[in-house]
Structure formats: structure tokens, C-alpha cells
Amino acid sequence: MSRLKSFVKCEVFHAMQNVDVAALNKLPEKDLRPVLPCLVRMALCKPLDESESWSASKKEVLKILSGIEVVNSIVALLSIDFHALEQDVNKEQQLRTKLGGNQSESILISQLQNGVALEFERSDPPRRLRLLLSELLFVSSQMRESKTEFYQKRSEMFESLVYLEEVADVLCIAQAELPSLLPITEVAETLLHVPNGGWMLCRLVANSPDCYKEVCNSLVSNGDRQDEETVGGRRRLKVLMALARMNPKEIYNIRALCVEKCKMPGLAVALTLEMYNDSLMSDPPGEEGGSDTDVVGFVSGMLLGNDIGVKEWFSHYVKIGQKLKRESSVTQLHRLRQCLLEQMILMLDQGHTPSEGRAIKGSAFIRLYCALKSLAAFKFTDEEMKILLKLITSRPPICKAGARFVSLGLCMLIACPYLLGNSDQERMAVEWIRWTMSVEKEFKQEVSSNCSFGEMLFLIAIHFHSNNMTAIGDLVYLTLGLKNLVKANALARIRQIFTYEIFTEQVITSHAVKVAVTSGLNANMTGYLPINSIYQLLKSRSFSKHKVPIKDWIYKQICNCSTPLHPLVTSLIDVFVTSVVIKSTKTDHLNEPITEEEILHVYKSSVFHWSKDKSEEGESSNQIPASELAPQLLMLYYLLHYEDTVLSHMKSLMMANRQVKSYPDTLLAQIPINFLLQTAQRDQEKFAGLFSPLLKLLVTHYPHLCAVEDWLEASLVQDSLVAETSVIYSVPCTIENLNDALRNLTSCPMKMISQLQSMLKMSAPDLLQFSEPIVSSLPIMLDEAVPRKIVDLVKKVWFLLHSVSPRSLRLATVNSLRLTERTTFKMTPYTENDITVDPLVILRCDERVFRCPPILDIVLRVLSAYLQASRVFLHNHMLSNPILENAAQAERERHDLKSALIAAQESAIIQILLECCLPREDDQREGEDGLLNNLREVHCIICSFIHQLFITEPHLAKLVHFQGYPDSLLPITTTGIPSIHICLDYIPEILSQPQSEKQIFAIKLMSHLCCQYALPRSLSVAKLCINVMFTMIGVLENKERVNFFLETVPCLTKVCQAFPPLCEDVTSFLHQIGRVCMSHLTSASNLRETELSDIDKTYVPLKKKVKVDTSTQELTMKYQSLYRSVQQTFARVIVKSLEVITEQALEPEGSDYWINTVRESDDWMFQWDDGQLQQTKGSNKMTVKQSLR
């Protein structure tokens, strides 16, 4: 029986697969029995290959078959009429489709008299074939009907071991001769449902070796996701294992197929164990051997790989495998656990000599068991826990792999605290941790600080002291790459071991300051660094509690930082500043701040000192080393954050009567803040995590150093701004050559142009050496004899310098352009504080600045920066001097006073700039040349500056227009300041003021705004102004009335021009004010109405001997002027009305002629006659048909 049940040997299959006749000839008859059907067909069927070599091989095959008796029965099977059989099989398949599970009717076989086995024995070869095919087709039909449960057919033919080999022969011949009706993949699936089907399938595949991969692929693809849960899954697993043993070379491919399709995990494990057992037999593992690595590697790859689907599939298999109701010892998972356990025991029993190979293996085991616990909820047995603890507490060699092993062991102790089940096991863990502490320095010296486990050990202890279990979980996750490993409620005992038996808080803090800083700390460094431990200790205030100084360590680490910045550096500075300024509830001790000398030492190689050194050496360099920029930016962040923290907590500091260190402004003046900020902005990927908080602090406390205008100008391409340098004067750009060009500016301006163009081609840091001569040349540029091109180039150079060192350049510019007074005393230069407190001193400069547009642009840029600085100065002054008593009311009063002071400063600046827009005598002479003149450019620059102020503070526009300014500037402001349209909202409030000057200014402003912004809102404001003027006729006295309307009546022309629908209201108003004027004139001087009909006639008082008061006469003359103004305004309004009326009423041809006639007439006369307006020209008369109401 056992002989019949033997599977195909791998040697036989290999020989058949390669058609190796010589190898087949060497095999015994017993081994050749399974492949006889294939050999018979090879010997008897006509081959496609008719070469001599195959003919010789065919003879050898015949020799092999000649001595075997069974061959005759197989030869008989080949003599069947397979064409007729094929037709009957087709009919049988159709019948099975109709009848389903009914086996009583069959086309292939008639009614059976005996059982299937006995019938098979008594039948001839054709009937044997029909019996087998009928049985297979019936099983196939039952498989299709039974979709829920695995169908198992009990068949005498497949159960009888006596006829099993003959059945296999018949099956192989049938499948070979009828491949289209019996696809081998469908036959393989059918054989899974009959007894001994796997054995027969192996024989079938051995006789068709080219179908091996196809069969394996089909079996795996049709398998279950969890193959050990069902009978069909287990039977499929056994069949595939038999196929794999038959062809061991394909084991890896079958396992890869399982993983790819996420099917049959038990088969994948069984194949892995099969390979491991084979490797043990061929090559027993040594200490450094790798024969046992595939099991660990495979399972680790399943659980720790990047494919989430594979990870979930295999972890679910492990979970299910632990819950199976059947005997667990027969499962593949149990075999896997035993194999892993045996490997660990074997590794630990190989001796106590540490080696790097053992450390690598041990690390793999630790990661594997942690992955099983995390992803598959793996429950360790007592034996596994004992061996794992022994593995963790083993002492690895001093190497990189050893350091990694210790780190993983520490994390597993935390992730699996139940490994410490008794006092002996706890003692083993404590001794091992103390051993790691003792050899930590040796690991650092031998390997590197980046691979050391010491920092992680101290970090774990720190988190245990602060009871921060979440941070410990994150730490374990970063080390192992596995989530949900740490359970906070299970760490009580391990926490006690760390905090009370090994690491007290005093030990941790004392050790931390002795740890060397990380040289060249950057974001590319992985692992646990000293900065992690220091950060946690600072955050928990452990240094302050135990009075351990940490300032020197922080300073050294800042100086040893490089790019890209480590993400924890900014957080370290934050907690350090907090520990310096703010007291903790645990202790009153504070850390010391960094001294000014230490800060300046960081900037000894800054761009300021660097440019001076280069100018002295006469050399030019490319740029500052990037390694020095990181400490400078971090120290700048420390300074700004320190000042921000002090100001934010100043009130509590004063209430506690504490004095804190304050860094002077002169310290910040020696730092190239703008240059460092632009560097961080340009290389944000290198300074990630620092640029955003640094920019926030600068915008809050130094907004004038990060203005939007500066950033936009820095983004421009320099090449587009620089012209080609003249070849004739291409001399080197040095300070001596620049001074020489300044001396010969009028005689040879090309020298200066050449020097300035060369400067524009330099980098901004290289230009710093020229800042002093450029600033000193600004007063020279005010001379009219200096060519405009030179002045423009100086402006460009100034702005380029401004991008590097704005603070010092602004201060030097203000002092250089300062108005010089003739006095015997030497003028003291302004300081930064002087200008910040009173920005108005900037405008106390040479008057020629306000007629030199490029220099004015520079001055206004300086003014804008100092206005921002002044606002921040006042705000910080309030924060640094808080009021402790009656604080709420006092703070409101101080805030109001601050706002009033800022508004007064800015409104005064706007009034001064508006006054500078008024033309002078020399401007009038210059204006005769055309519109392209300096005054018009100055208007544009000043209006743009005022526009920015109005946008920043809209209420400033209201204040300035409440104050008023010369009427002649209204055309300039309304057209040049885009944001002035907001004044439409303020006009009603200005009109409500009691001062007539403000009312007049409001009406004039309204008329210009209506022309510039013909909006619905403007129309409503215009109607309001007309109603106010109506009201003023009856409210004002004679003298006030004439003065008011002399100023406001001419404005109505612009109103009607902007809004023609208002012409009717305006004419009604003019009619009424005209009657008031006529009434006053006739009552005061007895004039006839006809004497005032000519608006161009000069009024001459009657020469009567009547004593007339001088004031009355002046008033009468004003009314006469007002009357003429009314007539002129009325005439203009009527002309505008006529244009509108005629455009609507007349035909297009007549309309065009009439309107052109009206527009081209210059000497039309207007008269009143019986309530109508008569319009005459020469002897022609025309009556307007619209009566005056």
C-alpha cells in the first residue's frame, strides 16, 4: 500500500521536466512508475522533433519501457477512438448541466450492474476511460452547485488503493489526449474534492511538467485568505506542499505567489519551514551561519513591510491561528512558534562570546516579536517570555549592531513589561540596564555619538519622572516603527525600577550637563541625541529644581548647529527662555541668560565684520560659510524670543519685584537682522521650523526690518536693472576710485556712472564697504547740476545696501540730509532713539530734497520705517512700564494717549508733505516746459506715500481732512491718492462742524470727489451738500453768507458735470441765491437790475454825495462778485443742460450741429427776461424753453 501511495520524487520530475533520458535510465522501475503514461506517449506517438538526437533518445526510452509489464495496459489506452469519445464527453457535459446532481443517467456509461470499482476492474480500456470521465464530470457539476460548503465526493474508484495507479494512468492519458475538454487547472480543482486527489494530481502534473506553474498558480489563486480554517483549505495546502516537494526549486515562487495574492498564509509558512528544514539538513547553522535567517526574515517582512494589505492579511492569520478550536499543535502557526523558539535557544546556547552577527540576529528577533505583539495581538507563552528576557539581557559586543540591539531591548522591556514576572527577572533587567549605563561611553567612543543608546535611556527615565507615558509610547514607536505597543496601565513596575532604583532626578540632571554637545547638529542626524534629553529636562524644570546650570551647554549647542536645522532646536530655545524668565511652581531658581559677550562672539564673522575685513584686505569673496549662518539665526531667534517673553510677563515680574536682564538696543544694531532674515527666507528648506517663528517675532517687534517693499525689491532680478558698463571707464570699483569720481562729478560724470554700475553688479554683502561714501554723497546729489542718471543710480545702490543693513543706513541717511544751521556749535548727530521717539525730525532736512524725486523716495522709505518703529516703541514702552493700581482704567487712558500721539505725528507728517506739493516760483518757471517735471513726479511720490498711510490707518484720512489743507491741492490729492474715496463717508460729519471753513472745505472736496468717483454714494453726498447750501441761505448772516457762497458756488459746476440729474436742483439753488444777491444790491446801492446784466462789466459805485460805510461798501462789492459767480455758474450749468436736452430731443444730424455750435461759441450772453433765460450772440437771439422754477 505504501508503495502505491508514494509521491513523485523530485529527481524524477526534474528529469521529466528537462527530458533527461540519461537520468531516467539510471532511475529504478519503482521511481519511474508514476511517469510511465508520459514515457509511453513519448515512445509511441509521432514526435515534432525528428532529429537524430531525439531518435536516439527515443530508442533509449523504448529500452526503459521494454522491461516493464504495466506498459502494455497503458499502450492499450492509446488505441481508443478519442474522436468518438470526445463527442460523447461533450454530450455528457450538456447532460450534467441539465440534470445537475443526478448520476443515474449518463451518455458515457450505461446502467452499472456492479459498483464503480468492480466495474472498473472488469472493463476494457475504452470503458475505463468512460467510467473515469463520467465520475470526474459528475464531481465537477456538484462543485458548481455546492457554493457554501466544501463538497467531498465518496468514490470507490478513487478510494480503492488497488486500482489507484491504473486510475492515475487512465487520467493522465485522458488529459493528454483530450486537453480541450479536460483543462488541467479544472481537473486539479476537481481532484481536490475526491479521495487521494492530491496524489493523483501530483502524478498528472509529473506527466505534464510544462503545466506545473499553471496548476500552482490556479490552486493558489482559488485558495482562501485563511487556509487552515476549512477542510478544503487544509486539503489544498497539502496538495500544494506535495507539488512543492516534487519541485523544490519552485518553493520560493509559490510562496511569493501566496504573498502577492494574499491567499493561503498557512501554505506560505509551511513552505518557509520546509525550506528551513531542508537547509538544516544540508548545512547545519553555525554561530555566524545564515541558514536560519529566512524564517525570521520572511515573517518580519510580512509584518514590517510597506504593503499594508499584506501586513493586515498575515496579522489576521496570526490572530485567527491563536483562536482555532482544533488542536493547535497541528497548525502551521504552532510549528512556526516552535521553530522561532528553537532558533533563539540555539543562538543563546552557542556560547557567551559576543559577536556582531549574534547582535544582528537578536535585533531581528526582538523586532519580530514586538511586531507580532503590536499587529497580531500575539500572546507569549511562559517559555517564550523566559527566552526573550534572556535574549534581551544578553550583552552584545561594542559595535553599531550592539548599540542597536540595546536600544531595541530597552524598547521591548517597556513594550512587554510582563516579561518581568518575578523578582529574579526584575533583578536581571536592573543589572542589564546598569551594565548599559557603564558601557555607554565605550559605545560612543567606539562607534559614534549618533548610534549611542545612552540618550534614549536617559530620555526614557526623564519621561518616567514626568509621568509622560504618551512620550514614552512615541519614543518606542520611533525606535521600533510600531504603534500601540505601550500600555500605560502596565508600566507601573518598570516605572518604579527606572525612577527609584536606577535613575533618580538628581542623577539625570547631573549627568545631562556633562554630556558633550552634538557637533554639527542637523536634521539629517537620526537616533536619540543629547538635545532630546536636555529638552525634556528643561521642559520639566529639573535643572532649576536641582540648581544645575545649563546655560553653557545651550550656548555650545547653538554654536554647533548646522543646516538643515534640527527640528528640536527652536523648541529647546523656547523652553530655555521660559526657564530664564518665568518662575516655576516647583522652584524659584532660574537659569542664567546668555551674556552679551557670548552673543557678540557668535557674530564675529557676520556680514558686517566680514565686509570690513574684505575691504581692508582688498579682496572679494563669494559669501559667508553656511555653517556660520545657522548659529547666527538661532542666536537672533533667542534674543527676539527673550525680549518678547520679558515684555509679555512684565506685569507679573513687576508685581513680584523682580529684575530681569534686558539687552540694549546697541546689541541688536550690531546684528545683520535683515540679511539673516532674507537668507532664511531664501533657504527655507534649510531653516524649516525657524523661519516662521522668527518672522512672527520680527513683524511684532521690528516691523520696519521686514517691510513688504523691501521683500518685493529683493525679489527683482538685478540684471534687468543694471545697464552695461562703459568700456572707456571700466576701472575697478574701490572706495578710492569712488571718492575720486565724486570729486570730478561735474567735470567727468562717466566715472561716477561707471562706479555705480559696477556696484549694482556686486552682491549685497560686498557693497557694505561703500555705504559710508554713498550716504555722504546724498547731499551732493541734490545739486541741479548733477545728471539725473547719476541720481537714479545712487538711489538703486542705496536700496541695495538697504537690503543688508537697513538700520545703520537709515540713521546715516537722516544725519547726512539733515538741514545744516549756521552756528558756532557742532551739531550732535541724531541717534536711533531720537528718530524713533520723534519721526518728524526726518523731514527737517534740506529743502532741495522735496524737489529731487529719487532722494525724496529714499527719505520717504526711511520715514515709513521709522513710523513703524515709533508705533512699536510706544507699544513696548507701555508693556515694559505697566500700571499695577487701577490698571484697567489707566491702561485705557494710556492707550488713548498713545493713539492720539501717533495720529498727531502722522497727520503732521502728511500736512508737511502736502505743503511741499505747493508750487514755488522756480517750480512755475519749470512748469512752462511741460508736464514732465520734477514737481509732478514729487506729487506722485508723495501721494503714493500718503495712500499707503491711509490704507494702514483709514482714520488718519478722516483726521487730515478734518484739519484741512490748501484748496489748491485738492485736484492733486483727489486724483493722486486712490484711497481718498473713503472721505465720502466723512463729508457729512465735516459739514456738521460749526466752523464755516471746514464746511467750505467739505463742499470743495465733495465736488472734486464727484468728478473722480461718480458713484451712487457720491450722488447722495452731493445732494446733501446742495441741501446744506440751501439751508445756509437763510441761516447765515449777510457777511458770512457772501463769504461762504463766494467759495462754494463755483463748485456746483463740477457737481453738475459729474451728475447731470442734479442740474435742476442746482439751477433752483442758483436762482434763489441770485435773488438774494439782487435784493441786497438793490437795497444797498439803488442799482437797476439791467446794470448787472453784463457779467463782464466792472462794478463802479455811483458817484453820489452819500456817506457810505466802508464795510458796507466792501460787503456790496462781495455780493456783486457773488452775483457774477452765480451768473457764470448758471451759464455753465445751462450749457451742460442744453447738451443733455438736445442730445435726447433732436435728431442726430441737427443735434450734432447744434451741440457743436454751443461748444464752439465763446461769447454767448445770458439774460433774464420774465422768468426765462435768453441766450444771445451778436444780433441773434434764442429763448430757452425751459422756465426757471
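Residues numbered from 1 in each chain as written. Predicted model: local features only at pLDDT ≥ 70, side-chain atom pairs only at ≥ 80, totals over all residues. Heavy atoms only, no water.

Draft legend 1. Quick peek at the overall build of the chain. If you tally the helices and strands in the chain, you get 63 helices and 3 strands. Looking at the chain as a whole, 51% of its 1189 residues are labelled buried. Pairs at least 24 residues apart make up 73% of the contacts formed inside the chain by residues separated by at least 6 positions. Counting every atom, the chain has about 57400 Å² of accessible surface; 52% of that belongs to carbon and sulfur. (Helix = DSSP H or I, 4+ residues; strand = E, 2+ residues; numbered from the N terminus. Buried < 20%, exposed > 50% of the residue type's maximum accessible area, 1.4 Å probe, protein only. Contact = heavy atoms within 4.5 Å. Areas by Shrake-Rupley, 256 points an atom, 1.4 Å probe, with all protein chains shown as cover.)

Draft legend 2. Up close: the packing of helix 14 (residues 212-221) against helix 15 (residues 231-246). Relative orientation of the contacting elements helix 14 and helix 15 amounts to 155°, with a least axis distance of 11 Å. Taken together, the axes of helix 14 and helix 15 are roughly antiparallel relative to one another. The crossing of helix 14 and helix 15 is left-handed. Counting all contacts with helix 14, which are made through Tyr212, Val215, Cys216, Ser218, Leu219 and Val220, the residues of helix 15 involved are Arg236, Val239, Leu240, Leu243, Ala244 and Met246. Residue composition of the contact of helix 14 with helix 15, by class: 10 nonpolar, 1 polar and 1 charged. (Axes fitted to C-alpha atoms, helices over the stretch in contact; angles between N-to-C directions. Parallel < 35°, antiparallel > 145°, perpendicular 65-115°, else oblique. Left-handed = near helix turned anticlockwise from the far one by under 90°. Nonpolar A, V, L, I, M, F, W, Y, C, P; charged D, E, K, R; others polar.)

Draft legend 3. A look at the packing of helix 20 (residues 332-348) against helix 21 (residues 356-376). At a minimum axis separation of 11 Å, helix 20 and helix 21 run at an interaxial angle of 150°. Here helix 21 runs roughly antiparallel to helix 20, going by the angle between their axes. Relative to helix 21, the crossing made by helix 20 is left-handed. Counted together, Leu340, Leu341, Gln343, Met344, Met347 and Leu348 of helix 20 and Arg358, Lys361, Gly362, Phe365, Leu368 and Tyr369 of helix 21 form the full contact between these two elements. Looking at the contact of helix 20 with helix 21, its residues break down into 8 nonpolar, 2 polar and 2 charged.

Draft legend 4. Main features of unusual backbone geometry. Following Thr563, the chain continues into Pro564 via a peptide bond in cis, with omega recorded as -5°. Within the element layout of this structure, Pro564 appears in the loop between helix 32 (551-559) and helix 33 (569-581). Its identity as a non-glycine residue notwithstanding, Ala377 has a phi of 50°, on the positive side. Positioned with a positive phi, Lys547 is a non-glycine residue whose angle comes to about 55°. If you trace the backbone, Lys547 turns up in the loop between helix 31 (542-545) and helix 32.

Draft legend 5. Structural view of the side chain of Gln557. Of note, Gln557 is situated in helix 32. Accessibility expressed as a relative area gives 1% for Gln557, which makes it buried. Those residues in contact with Gln557 that sit more than four places away from it in its chain are Val517, Thr518 and Leu521.

Draft legend 6. Local environment of the nonpolar core. The biggest cluster of nonpolar side chains holds 366 residues, and the ones touching the most others in it are Leu243, Tyr638 and Ile855. Considering each element in turn, this core owes the most residues, 12 residues, to helix 36 (residues 626-648). Setting aside residues up to four positions removed in sequence, Leu243 forms contacts with Cys202, Val205, Tyr212, Val215, Cys216 and Leu219. (Core = buried A, V, L, I, M, F, W, Y, C linked by side-chain atoms within 4.5 Å.)

Draft legend 7. Geometry of the pattern of salt bridges. All told, the structure shown has 29 salt bridges when counted by the stated rule. Among the ionic pairs, Lys213 bridges to Glu250, the shortest N-O distance being 4.0 Å. Of this pair, Lys213 sits in helix 14 while Glu250 sits in the loop between helix 15 and helix 16 (251-261), and the two are 37 residues apart along the sequence. Across the pair Glu598 and Lys551 runs a salt bridge whose closest N-O atoms are separated by 3.3 Å. Taken together, the residues Glu598 in helix 34 (residues 596-602) and Lys551 in helix 32 connect sequence positions 47 residues apart. According to the relative accessible area criterion, Glu598 is buried, its value standing at 18%. On the basis of relative accessibility, which here comes to 11%, the residue Lys551 falls in the buried class. It is possible to trace a salt-bridge network through shared partners that takes in Arg33, Glu165, Asp169 and Arg203. (Salt bridge = Lys/Arg side-chain N within 4 Å of Asp/Glu carboxyl O.)

Draft legend 8. Structural context of the environment of Leu191. In this fold, Leu191 is placed in helix 12 (residues 184-191). For the pair Leu191 and Leu201, spaced 10 residues apart in sequence, the C-alpha separation works out to 6.8 Å. What Leu191 contacts, discounting residues up to four positions off in sequence, is Leu136, Leu171, Gly197, Gly198, Met200 and Leu201.

Draft legend 9. Spatial organisation of helix 58 (residues 1016-1035). Taking 1.5 Å of rise per residue, the 20 residues of helix 58 would be expected to cover 28 Å, and the 29 Å separating its terminal C-alpha atoms lies within 8% of that figure. All of the buried residues in helix 58 are Ser1018, Val1021, Ala1022, Cys1025, Ile1026, Val1028, Met1029, Met1032 and Ile1033. Buried positions in helix 58, seen along its axis, are confined to an arc of 160° and lie on one side of it. In helix 58, the exposed residues that point more than 90 degrees away from the buried face are Pro1016, Gly1034 and Val1035. (Expected span 1.5 Å × (residues − 1). Arc of directions from axis to C-beta.)

Draft legend 10. Focus on the packing of aromatic side chains. Across all of its chains, the model carries 16 aromatic pairs by this definition. Between Phe298 and Phe314, the ring centres sit 6.2 Å apart and the planes meet at 90°, which makes this aromatic pair edge-to-face. Note that Phe298 is positioned in helix 18 (residues 293-304) and Phe314 in helix 19 (residues 308-321), a separation of 16 residues in sequence. Using a relative accessible area of 8% as the deciding quantity, one classes Phe298 as buried. For the pair Tyr638 and Tyr642, a centre-to-centre distance of 6.0 Å together with 35° between the ring planes defines the contact as tilted. Of this pair, Tyr638 and Tyr642 both sit in helix 36, 4 residues apart, which is roughly one turn of that helix. In this structure Tyr638 comes out as buried when scored by relative accessible area, which is 1%. One aromatic cluster is present, built from ring pairs that chain together Phe298, Trp313, Phe314 and Tyr317. (Phe/Tyr/Trp six-rings, centres within 6.5 Å; stacked < 30°, edge-to-face > 60°.)

Draft legend 11. Just the confidence of the model for the chain, in detail. Residues of the chain with pLDDT of at least 70 account for 82%, and the chain-wide mean is 80. Long-range and interchain partners of residues 1099-1107, a stretch whose pLDDT sits below 50, account for 9 contacts in this model, where long-range means more than four residues apart. (pLDDT = per-residue confidence, 0-100.)

Draft legend 12. Summary view of a negative patch on the surface. On the surface, Asp783, Glu784, Glu921 and Asp922 cluster together to form a negatively charged patch. Within the fold, Glu784 resides in the loop between helix 46 (778-781) and helix 47 (788-802). Relative accessible area serves as the criterion here: at 76%, Glu784 is assigned to the exposed category. (Patch = residues over 30% accessible without salt bridge, like charges linked within 9 Å, V, L, I, M, F, W, Y side chains within 5 Å. Lys, Arg positive; Asp, Glu negative; His and termini not counted. Charge placed at Lys NZ, Arg CZ, Asp CG, Glu CD.)

Draft legend 13. Fine view of the environment of Leu271. Along the chain, Leu271 falls in helix 17 (residues 265-282). For the pair Leu271 and Ala244, spaced 27 residues apart in sequence, the C-alpha to C-alpha distance is 7.9 Å. Not counting residues up to four positions away in its chain, the partners in contact with Leu271 are Met241, Ala244, Ile251, Ile254 and Arg255.

Draft legend 14. Inspection of the side chain of Gln175 at higher detail. Along the chain, the position of Gln175 falls in helix 11 (residues 164-177). Engagement of the side chain of Gln175 in a polar contact is seen with the backbone oxygen of Leu182, the distance being 3.3 Å. Excluding anything up to four places from it in sequence, Gln175 contacts Leu182, Ile184, Leu204 and Ser208. (Polar contact = N/O pair within 3.5 Å; in protein donor to acceptor, adjacent residues only side chain to side chain.)

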